[in-house]
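If you want the building blocks of each chain, they are given just below.
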Amino acid sequence: MSGWPPVGTAPGVVGRVKPGRGGSDGYYPAMVENEGRVALVTGGNRGIGAACAAALAAAGERVAVGSRGGTAPEGMLGVRLDVTNAESVDKAFSEVEAEFGPVEIVVSNAGIVRDTLLATMSEDAFQEVVDTNLLGAYRVAKRAARPMMRLRRGRLIFVSSVVASVGGPGQSNYAASKAGLIGFARSLARELAPRNITANVVAPGPIRTDMTDALTDTQRQALTAAVPGGRMGEPADVAALVAFLASPAAAYINGALIPVDGGLSMGH
Ligand SMILES: NC(=O)c1ccc[n+]([C@@H]2O[C@H](COP(=O)([O-])OP(=O)(O)OC[C@H]3O[C@@H](n4cnc5c(N)ncnc54)[C@H](OP(=O)(O)O)[C@@H]3O)[C@@H](O)[C@H]2O)c1
């Protein structure tokens, strides 16, 4: 346990109030015991998602990770989850709920790329990326929202990309899906804030994962050249921000788009 949440903290706080303490308005003035909130990270079996899962576990949360294979880093609950299929999303949430209880933190991180220039981009390639990255986030948020509304607290964190703001040649499908997440999350932020649920977006720059390992050296060099520090980031750089957004300290951050890109997107 990390010591979260600090005693006497405000709405959005987690943990269990000892009988006879705390108010029904969501304020827990004292004696909050953190037994770990339940977090689900989509695409949490590797890359940025795995780092987010590890950071949340280190903060004392009970973490489940979802992916198509259902594998999980050691010590975490792995569930099979395909964000392109609403039934699979529902089943994955039900499994996590049965094991841990209602999900309070969702990191909507699963994503794919199918890069190619517009001239050669098929409708299928466009649709596949939007179906996973944007509609997938919708399916996950939709399944997550009702139990969070019942709980009257929750954190929705969407993993977008710097490409949403600055674009990328050959990435029109990916950029469209990741930019769509911003409007989607901001709408949820407005809809769900009265229930003490926040929705925020993180926008990583180039991060060292399987996704960027698939690039050519020339593509990687072009990407890093645009970063003021001239280097790629690590999954842990993104995870630190995600863990903060999930923490009680971030209760008043809502509808934000926060870059973690070494300065690549400055001014956008
Ligand atoms: N790496 C970067 O430079 C970078 C930069 C900006 C944003 N991002 C975003 O960060 C997120 C994570 O990227 P990453 O770099 O860690 O990529 P990655 O290593 O390729 O991992 C992608 C993850 O998404 C999961 N996934 C893909 N399709 C899925 C589906 N239909 N249902 C469930 N899970 C699915 C994969 O799991 P399975 O394949 O095992 O199912 C995997 O866990 C993505 O949304 C990506 O767009 C990455």
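Quick summary incoming for the structure in this document. Since this is a predicted model, take the numbers as computed values, not measurements.

Across its full length, the protein chain carries 8 helices and 9 strands. Out of the 268 residues belonging to the protein chain, those deemed buried represent 45%. Contacts in the protein chain between residues far apart in sequence, at least 24 positions, make up 66% of those at least 6 positions apart.

What follows covers the sheet that holds strand 5 (residues 77–80). Through backbone hydrogen bonds, the strands of a sheet pair up, either in parallel or in antiparallel fashion. A sheet is described by the order of its strands in space; here 7 strands give the open sequence 5-4-3-6-7-8-9, paired in parallel fashion. Edge positions in the sheet fall to strand 5 and strand 9 (257–260), since each of these pairs with one other strand and no more. The sheet shows a mean angle of 20° between the axes of neighbouring strands, direction not considered. Looking at chain direction, strand 8 (residues 197–204) and strand 9 are connected through 4 bridges and run parallel. Bridge assignment links valine 202 to a residue of strand 9, and that residue is isoleucine 258.

With that settled, consider the environment of valine 113. Topologically, valine 113 is positioned in the loop between strand 6 (105–108) and helix 3 (123–151). Residue class for valine 113 comes out buried when judged on the 21 C-beta atoms lying within 10 Å of it. When the C-alpha atoms of valine 113 and glutamate 128 are compared, they prove to be 9.0 Å apart, with 15 residues separating the residues in sequence.

Next up on the list: the site of the ligand. Neighbouring residues of the ligand: 28 residues in total, closest Gly43, Gly47, Arg68, Gly111 and Thr209. Only helix 1 (47–58) and helix 6 (210–213) provide two or more residues apiece to the shell around the ligand. Its residues placed into classes, the shell around the ligand shows 10 nonpolar, 14 polar and 4 charged.

Okay, the nonpolar core next. With 67 residues, the main nonpolar core has Cys52, Ala53, Leu56, Leu156, Val238 and Val242 as its most contacted residues. Excluding residues that lie within four positions of it along the chain, leucine 156 makes contacts with Val106, Ser108, Ala141, Ala144, Ala185, Leu188, Ile197, Thr198 and Ala199.

Rules behind the numbers
Residues numbered from 1 in each chain as written. Predicted model: local features only at pLDDT ≥ 70, side-chain atom pairs only at ≥ 80, totals over all residues. Helix = DSSP H or I, 4+ residues; strand = E, 2+ residues; numbered from the N terminus. Buried ≥ 20, exposed ≤ 12 C-beta atoms within 10 Å, placed from the backbone. Contact = placed C-beta atoms within 7 Å. Pairing = 2+ DSSP bridges. Axes fitted to C-alpha atoms, helices over the stretch in contact; angles between N-to-C directions. Near = placed C-beta within 6 Å. Nonpolar A, V, L, I, M, F, W, Y, C, P; charged D, E, K, R; others polar. Core = buried A, V, L, I, M, F, W, Y, C linked by C-beta atoms within 7 Å.

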